Amino acid sequence: MNASSSLTFQWPHWYHRQKWIVYFHFAEIERLASGLQREFTISVNDYQFTKTVSLEYLKPVVVVSTPVNTSLVDFSIESTNESGNPPILNAVEVYAVHDLPYVPTAQDDESSERMLRLKNRPFKYGEVSRITGNFGRVIGEVGFGKVYLGTLDNGTMVAVKILSKSSKQGYKEFQAEAQLLTIIHHGNLVSLFGYCCDSKHMALIYEYMANGNLRQHLSGKVKMHPSEDHPKALTWSKRLHIAVDSAK
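Residues numbered from 1 in each chain as written. Predicted model: local features only at pLDDT ≥ 70, side-chain atom pairs only at ≥ 80, totals over all residues. Heavy atoms only, no water.

Participant: Explain the side chain of Glu28 residue by residue, including any values.
Facilitator: By the element assignment, Glu28 lies in the loop between β2 (19-26) and β3 (38-44). One polar contact links the side chain of Glu28 to the main-chain amide nitrogen of Glu30, over a distance of 3.0 Å. Reaching out from Glu28, the side chain makes a polar contact with the side chain of Arg38 at a distance of 2.6 Å. Apart from residues no more than four positions distant in its own chain, Glu28 is found in contact with Arg38, Leu55, Glu56, Tyr57, Leu58 and Ile88. (Helix = DSSP H or I, 4+ residues; strand = E, 2+ residues; numbered from the N terminus. Polar contact = N/O pair within 3.5 Å; in protein donor to acceptor, adjacent residues only side chain to side chain. Contact = heavy atoms within 4.5 Å.)

Participant: Could you give an account of the confidence of the model for the chain, with specific residues and numbers?
Facilitator: Residues at a pLDDT of 70 or more form 69% of the chain, whose mean pLDDT is 77. Looking across the chain, the model is least confident in helix α1 (residues 109-119), with a mean pLDDT of 55, and most confident in β3, with 93. (pLDDT = per-residue confidence, 0-100.)

Participant: Lay out the sheet that holds strand β14 (residues 201-207) in plain terms, naming residues and giving numbers.
Facilitator: Within a sheet, each strand pairs with its neighbour through backbone hydrogen bonds, oriented either parallel or antiparallel. Overall, mixed pairing links the six strands, which are arranged β9-β13-β14-β12-β11-β10 in an open sheet. Lying at the two open borders of the sheet, with one neighbouring strand each, are β9 (121-122) and β10 (138-142). In terms of strand pairing, β10 meets strand β11 (residues 145-151) through four bridges, oriented antiparallel. The residue of β11 that forms the bridge with Val138 is Tyr148. (Pairing = 2+ DSSP bridges.)

Quick look at the structure:
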């Protein structure tokens, strides 16, 4: 291929979508002679997106197109006049853009809280303090606050997530998690026992995972069974089974 040659590509039209995003991956793996460079221009779908790229030896470059509106994706990569070398392309990814599912906004906060109250037991802040032993044992920390170990009156052990007053985006995350668990019930997801929305205090009361969470099992930080001598990571077959089962 000489320097004036171009690369062209057309995405198969059997998958009909109206909006796409393309990821281009480049890496110069050839030591060019002094003074020479590899420079080229990417063009997607009749210049809906263009970008000029200059490569340096062993320095990867990723170019992400803006969304292009078309039922068929095609692009070309052509050397610039300053380049003495033909264009290259190491990898390309083409993604169809889907509309996001409906996500509640601030105007839905009241209905979300109403759903939470209808489907779960309310706890007073004093109860939350009592079942956690005045927040005596921290067992984790999430984006919106700390998680404490607690015990209900019937002896059931629970995990209590407390919304931190200093968390800026915490309320939205807190509310989204609560709403999700009120409508989704699955063997691979913890159960939500109740909530606290008492003045300035908010908390979620969950089923306690005595054997560790999924992240710990994936990394092999907990024992699969108490009789085992050493921690073991989940096998790939079990990981796949959990992923597929949860996706259903």
